[in-house]
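A structural walkthrough
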Amino acid sequence: MAQNPTGYSQDAAAARSASFNQPMNPSCGTKVLFHTLARLLTLHGYQDQVYHLAQKHPPGFEDGYCPVWEVATALLPARTTTQLRINFQREFHLFALTASSSAAGGFRAQLYDMKKQYCPGAKPGVRLTARGVNFSNLFGAAFNPASPPSNGGAAWFLREPHPFTEKNAQALVVVQNQDTGGSSNQIQVALYGQVRRFNYPD
């Protein structure tokens, strides 16, 4: 097979892609942990930047951070709503979202950062979703009628982590069952992030 023309090789294309696609995280973003997946990568670059969920100290988080899943679970009858609160450990940084539904109708959800303020002196509480969002749009989840207990999707990673760094940080998750069937809907919302361990020295 003939050689590719100069400038049209795979290595040349990768070099051009790397030069145009700059990281999305600004270098001046102080007090916010960098999320190494949140950038535009070359095609084969995705293979080099992945998280090992069971790794105690992933690269870049050697100073007392470790991965954690925070989960909110509800069993709701048709067309009912509930509020779930999650209290975080120190300096939790939200990296990814995922969810599951045991009913075909799914659910809607809203997320709030209950301790953060829009501006100094304002009432605490920041909406991460302005209105209730269908779970398939917010969490990337889907319903598979062939296997209801396993319904859900792969974790949807944010472009940049959202820090819950205020004292006694807390998230409010409002879920509304959209299914109209007779059986209850088992709903689970999972938040993946990095947290500083509780016994880390101040």
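Residues numbered from 1 in each chain as written. Predicted model: local features only at pLDDT ≥ 70, side-chain atom pairs only at ≥ 80, totals over all residues. Heavy atoms only, no water.

1. Some points on the overall build of the protein chain
For clarity, the cut-off: Strands here are runs of E lasting at least two residues and helices are runs of H or I lasting at least four, both read from the DSSP assignment and numbered beginning at the N terminus. Using a 1.4 Å probe on the protein chains alone, a residue whose accessible area is under 20% of its type maximum counts as buried, one over 50% counts as exposed, and one in between counts as partly exposed. Contact criterion: two residues are considered in contact whenever any of their non-hydrogen atoms come within 4.5 Å of each other. Accessible surface area values rest on a Shrake-Rupley calculation with a 1.4 Å probe, where residue burial reflects the displayed protein chains alone.
Of regular secondary structure, the protein chain possesses 2 helices and 9 strands. Start at the N end of the protein chain and walk to the C end: the helices and strands fall as α-β-β-β-β-β-β-α-β-β-β. The buried share of the protein chain, reckoned over its 202 residues, is 36%. The long-range share in the protein chain, meaning contacts at least 24 apart out of those at least 6 apart in sequence, stands at 75%. Of the roughly 12100 Å² of accessible surface on the protein chain, a fraction of 54% belongs to carbon and sulfur atoms.

2. Observations concerning the nonpolar core
Condition: For this analysis, a nonpolar core means a set of buried residues of the types Ala, Val, Leu, Ile, Met, Phe, Trp, Tyr and Cys, connected via side-chain atoms within 4.5 Å.
Residues Phe-88, Phe-92, Phe-107, Phe-139, Val-175, Val-189 and Leu-191 are the most contacted members of the largest nonpolar core, which totals 27 residues. For this core, the secondary structure elements donating two or more residues are β1 (65-76), β2 (81-87), β3 (92-101), β4 (107-113), α2 (135-138), β7 (156-164), β8 (170-177) and β9 (185-196).

3. Description of the pattern of salt bridges
Definition in use: Salt bridge, as used here: a side-chain nitrogen of Lys or Arg that lies within 4 Å of a carboxyl oxygen of Asp or Glu.
This structure, assessed with the given rule, holds 3 salt bridges. When the shortest N-O distance is used, the salt bridge between Arg-196 and Glu-91 registers 3.4 Å. Residue Arg-196 is located in strand β9, and its partner Glu-91 is located in the loop between β2 and β3; the two are separated by 105 residues in the primary sequence. Between Lys-116 and Asp-113 there is a salt bridge, with the nearest N and O atoms lying 2.7 Å from each other. By the burial criterion, Lys-116 is buried, and Asp-113 matches it. One network of salt bridges, with partners in common, ties together Asp-113, Lys-116 and Glu-166.

4. Quick word on the sheet that holds β1
What counts here: Criterion used throughout: strands pair if DSSP finds at least two bridges between them. Each axis is a line fitted through C-alpha atoms, and for a helix only the stretch in contact is used; angles between axes span 0 to 180 degrees, taken between their N-to-C directions.
Across the sheet, 4 strands lie side by side as β1-β9-β3-β7; this open sheet has antiparallel pairing. Strands with a single pairing partner mark the edges of an open sheet, and in this sheet they are β1 and β7. On average, adjacent strands in this sheet sit at an angle of 30 degrees to one another, irrespective of strand direction. Inspection of the sheet shows β3 paired to β9 by 8 bridges, in the antiparallel sense. Note on β9: the bridge partner recorded for Ala-99 is Val-189.

5. Here's the deal with the confidence of the model for the protein chain
Defined as follows: The quantity called pLDDT is the predictor's confidence in a given residue, expressed from 0 to 100.
When pLDDT is averaged along the protein chain, the result is 75, and 62% of the positions lie at 70 or above. Within the model, pLDDT remains below 50 along residues 46-54, and this stretch shows 17 contacts once partners closer than five positions in the same chain are excluded.

6. With respect to unusual backbone geometry
Leave glycine aside and you will find that most residues have negative phi; peptide bonds, for their part, are mostly trans. Its identity is not glycine, yet Arg-79 carries a phi of approximately 60 degrees, on the positive side. Within the secondary structure, Arg-79 is located in the loop between β1 and β2. For Glu-91, which is not glycine, the phi dihedral falls at a positive 55 degrees.

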